[in-house]
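# Results of the structural survey
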Amino acid sequence: MLSKLVMGSATYSPMIFRSAVQQIPKRNQFLVRQFQRDAKEAFQTRSQRIAERQTLREKIMAPAGPNAFAIGKGAAAGASVIGLGALCFYGLGMGKGTSVLNNSMLWPEYVKERIHSTYAYFGGSVVITAASAAAIFRSPTLLNLASRGGWIPLIATMALMIGSGMVARSIPYEPGFGTKQLAWAAHCAIIGGVLAPLSFVGGPILLRAAMYTAGIVGGLSTVAVCAPSDKFLYMGGPLAIGLGVVFAASMGSMFLPPTTALGAGIYSLSLYGGLILFSGFLLYDTQRIVRKAETHPNYAMQPYDPVNSAISIYMDTINIFIRMVSILAGGGGRRK
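The structure reproduced in this document is the subject of the present report. (Residues numbered from 1 in each chain as written. Predicted model: local features only at pLDDT ≥ 70, side-chain atom pairs only at ≥ 80, totals over all residues. Heavy atoms only, no water.)

So, about the packing of aromatic side chains. Per the stated rule, a full pass over the model turns up 4 aromatic pairs. Measuring from centroid to centroid gives 6.3 Å for Y119 and F122, while their planes differ by 80°, and the two rings are edge-to-face. Taken together, the residues span about one helical turn, with Y119 and F122 both in helix α5 (residues 109-137) at a distance of 3 residues. On the basis of relative accessibility, which here comes to 14%, the residue F122 falls in the buried class. Judged by centre distance (5.1 Å) and plane angle (90°), the rings of Y121 and W184 are edge-to-face. Within this pair, whereas Y121 is found in helix α5, its partner W184 is found in helix α8 (residues 179-195), the two being separated by 63 residues in sequence. Given a relative accessible area of 14%, Y121 falls into the buried group. Classification of W184 as buried rests on a relative accessible area of 8%. (Phe/Tyr/Trp six-rings, centres within 6.5 Å; stacked < 30°, edge-to-face > 60°. Helix = DSSP H or I, 4+ residues; strand = E, 2+ residues; numbered from the N terminus. Buried < 20%, exposed > 50% of the residue type's maximum accessible area, 1.4 Å probe, protein only.)

What follows is the structure, given as structure tokens:
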């Protein structure tokens, strides 16, 4: 009986309303209809606003689409085109000013020795890192320790890497194998331990990533040598800002999974933005090393330090390699 009463009231109420409106004088019927229309529009506008707010929130936290990494891939492709163009442009000697290659013909012997020492330490860093990663990967106990997840192991790993690098840089350089060289070797071994879990992606991917990294480093080093000697030395400020942005994106990707649209965008910035950033750092550090080797006084209290110079381009190379492994393993394009 109650349901019938409700249905009856719901069915006949519009008829009663229309009949009541018809009894109102015509000059007041317009006001009634206008009030009814305004109330309806106000209600619809409010509902639409709520729906729009919910849609924006849902868009941010929605699952990542197939084109979530398209902007990052496009930026990396554009940077590659610019790099190849710069290699051709400066390689043909079309740049203004004297290049590092031209200046090298007039270098005294001590400048050549400094450059050779720097890149010898750079090569030694790569060899020690690879040997350390291979040794740790073959040891189940050490590999389990290096692969352990969680905030405490992460913070401890970052502190160990940063601390060992600071110690290696702070020790004064002396020729031969001394305390600084020992700290440098320990720092490279620690980096190798951090990279050891990357071996799970498989040997073919690691080999391809190493080859691509060697190509990127070799090409960018050639650009830096063929370009005017101070062309990239003014990039320090923008690169420092970019480093802060990429670091913030890397930290944000720890909290926002790449399965969401926002998380995928932050991860893409960390991955492809970091690849472009450290490529720029490699250009800057290469010319900075050459400039320092040319201008460091022979009779200074502290001799020229090839270890610190090598660590800078070594860390650039490691960051490029890590991102190449992630891209080739599918982390830069697949839906996780």
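The end-to-end C-alpha distance of helix α12 (residues 306-328) is 33 Å, a good match for the 33 Å that 23 residues give at a rise of 1.5 Å each. Burial within α12 is extensive, with 19 of its 23 residues counted as buried. Within two residues after α12, G330 carries a phi angle of roughly 105°, on the positive side. (Expected span 1.5 Å × (residues − 1).)

So, about the pattern of salt bridges. Under the definition given, this model contains 2 salt bridges. Note that D305 and K180 form a salt bridge whose closest N and O atoms lie 3.2 Å from each other. Residue D305 is found in the loop between α11 (261-295) and α12, and its partner K180 is found in helix α8; the two are separated by 125 residues along the sequence. Of the two residues, D305 and K180, neither departs from the other in class, the shared state being buried. In this structure, D285 engages R288 in a salt bridge whose closest nitrogen and oxygen atoms are separated by 3.4 Å. Placement of both D285 and R288 in helix α11 is noted, with a separation of 3 residues, approximately one turn of the helix. (Salt bridge = Lys/Arg side-chain N within 4 Å of Asp/Glu carboxyl O.)

One can find V225 in helix α9 (residues 203-226). Taking the C-alpha atoms as reference, V225 lies 9.5 Å from S104; in sequence the two are 121 residues apart.

Structurally, R323 is set in helix α12. Ignoring anything within four residues of it in the chain, the contact list for R323 reads V246, S250, S270, L271, G274, L275 and F278. (Contact = heavy atoms within 4.5 Å.)

Position of T118 among the secondary structure elements: in helix α5. Among the residues examined, T118 registers a relative accessible area of 0% and is labelled buried. As for T118 and I311, which are separated by 193 residues in sequence, their C-alpha atoms are 9.0 Å apart. Once residues within four sequence positions are removed from consideration, T118 is found in contact with I289, Y304, P306, S309 and A310. One polar contact links T118 to Y304, side chain to side chain, over a distance of 2.9 Å. (Polar contact = N/O pair within 3.5 Å; in protein donor to acceptor, adjacent residues only side chain to side chain.)

Turning our attention to a nonpolar patch on the surface. There is a patch of nonpolar side chains on the surface, built from W151, I155, M254 and F255 and spanning about 460 Å² of accessible area. Elements with a contribution of two residues or more to the nonpolar patch: α7 (151-170) and α10 (236-255). A relative accessible area of 38% places M254 in the partly exposed class. (Patch = residues over 30% accessible without salt bridge, like charges linked within 9 Å, V, L, I, M, F, W, Y side chains within 5 Å. Areas by Shrake-Rupley, 256 points an atom, 1.4 Å probe, with all protein chains shown as cover.)

Remember, this is a structural readout, not a statement about activity or role.
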